[in-house]
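# Structural overview for review
In case you want the letters, here they are:
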Amino acid sequence: MKKIINKLESIIYTKLIKNGIYVEEDIFNYGFLVLTRYLIYISIMLPLLITFGLVKPVFVFCISYFILRNHVGGVHVANPLLCVLTTVSITILVPWIAANNIINSFRIICTMYTIIIFSIYIIKVADHPNKPLSSEEKNQHSKNAIVIILFEFLVFLFSYKNSSKLIFNEILFANLVCTLELYVFCITKAKTKIISHKSINK
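Residues numbered from 1 in each chain as written. Predicted model: local features only at pLDDT ≥ 70, side-chain atom pairs only at ≥ 80, totals over all residues. Heavy atoms only, no water.

Across its full length, the protein carries seven helices and zero strands. Element order for the protein, N to C, with α for helix and β for strand: α-α-α-α-α-α-α. By its C-alpha atoms, the protein is 60 × 55 × 30 Å across when sized along the principal axes. Within the protein, buried positions represent 32% of all 202 residues. Considering only contacts in the protein between residues 6 or more positions apart, those separated by 24 or more positions represent 80%. Summed over its atoms, the accessible surface of the protein is roughly 13400 Å², and 69% of this surface lies on carbon and sulfur atoms. Computed over 20 positive and 10 negative side-chain charges, the separation of the two mean positions in the protein equals 9 Å. (Helix = DSSP H or I, 4+ residues; strand = E, 2+ residues; numbered from the N terminus. Buried < 20%, exposed > 50% of the residue type's maximum accessible area, 1.4 Å probe, protein only. Contact = heavy atoms within 4.5 Å. Areas by Shrake-Rupley, 256 points an atom, 1.4 Å probe, with all protein chains shown as cover. Lys, Arg positive; Asp, Glu negative; His and termini not counted. Charge placed at Lys NZ, Arg CZ, Asp CG, Glu CD.)

Relative placement of two packed helices is described by the angle separating their axes and the distance separating the axes. As a packed pair, helix 5 (residues 106-123) and helix 6 (residues 135-158) sit with axes 9 Å apart at the nearest point and diverge in direction by 170°. It follows from the interaxial angle that helix 5 and helix 6 lie roughly antiparallel. Judged by residue contacts, Phe106, Ile109, Cys110, Tyr113, Ile116, Ile117, Ile120 and Tyr121 of helix 5 engage Ser142, Ala145, Ile146, Ile149, Leu150, Glu152, Phe153, Phe156 and Leu157 from helix 6. Class assignment of the residues belonging to the contact of helix 5 with helix 6 gives a composition of 15 nonpolar, one polar and one charged. (Axes fitted to C-alpha atoms, helices over the stretch in contact; angles between N-to-C directions. Parallel < 35°, antiparallel > 145°, perpendicular 65-115°, else oblique. Nonpolar A, V, L, I, M, F, W, Y, C, P; charged D, E, K, R; others polar.)

Quick look at the pattern of salt bridges now. Pairs can form between side chains of opposite charge whenever their charged atoms are close. If you walk through the whole model with that rule in mind, you get two salt bridges. A salt bridge links glutamate 181 to arginine 69, with the nearest nitrogen and oxygen atoms 3.1 Å apart. Here glutamate 181, found in helix 7 (residues 165-201), pairs with arginine 69, found in helix 3 (residues 55-72); they are 112 residues apart in sequence, far enough to count as distant. Looking at glutamate 181, the relative accessible area reads 8%, which means it is buried. The closest approach of N and O atoms between lysine 138 and aspartate 127, which form a salt bridge, is 3.8 Å. Of the two residues, lysine 138 sits in helix 6 while aspartate 127 sits in the loop between helix 5 and helix 6, which places them 11 residues apart along the sequence. The pair formed by lysine 138 and aspartate 127 is uniform in burial state, with each residue classed as buried. (Salt bridge = Lys/Arg side-chain N within 4 Å of Asp/Glu carboxyl O.)

One can find asparagine 169 in helix 7. Assessed through its relative accessible area of 2%, asparagine 169 is described here as buried. If we skip the residues at most four places from it in the chain, asparagine 169 touches Ala98, Asn101, Ile102 and Ile103.

What follows covers helix 5. For helix 5, with 18 residues, the first-to-last C-alpha span of 26 Å sits near the 26 Å given by 1.5 Å per residue. Of all the residues in helix 5, the buried ones are Ile109, Cys110, Tyr113, Ile116, Ser119, Ile120 and Ile123. At the C-terminal side of helix 5, lysine 124 shows a positive phi close to 75°. (Expected span 1.5 Å × (residues − 1).)

For helix 2 (residues 25-52), built from 28 residues, the straight-helix expectation of 40 Å at 1.5 Å per residue is met to within 8% by its first-to-last C-alpha distance of 40 Å. Of the positions making up helix 2, those classed as buried are Phe28, Phe32, Thr36, Tyr41, Met45 and Leu49. Glycine 53, located one to two residues past helix 2, shows a positive phi value of around 65°.

Okay, here's the thing in structure tokens:
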């Protein structure tokens, strides 16, 4: 599969150059990789969503998840196939769990939102190791994320009795997954530092 994708990538890039369309090879390779991942993701997702009747829950979850993840970052998987499979698992299993476990307790919901906001305020952002962010960028992204979550929470407060519990439950679970990724990122980063420190001491 990887060989086929690489061959197709090479053919398309060669044709672009022959037709006078000049793009830096590194940029093209990255863009092609992202496009390939999304196409594989969609081709796996659509049949599953239609089969299990999860179109609405997954749609709501994905919008909230990817908007927030765009600001707070998350765990990155180096292997492209594993990355796609992980994304598919998260964006199907979590919405399904959220749809079948509606949280009706107002206190629990408020507590969860408090934990999410506090976590983002403390941890800030899980930036990519190949593209580290400055302190100013981290602060700005974390502020944006907190504003988004506060807006969701205010909408929830004003429409608690009349709103669709499913929609708000999917949004809440999306926020929780993003928060969990922040903690996984912190643990992984701490482990890397410890291993690096031990190797230096040796």
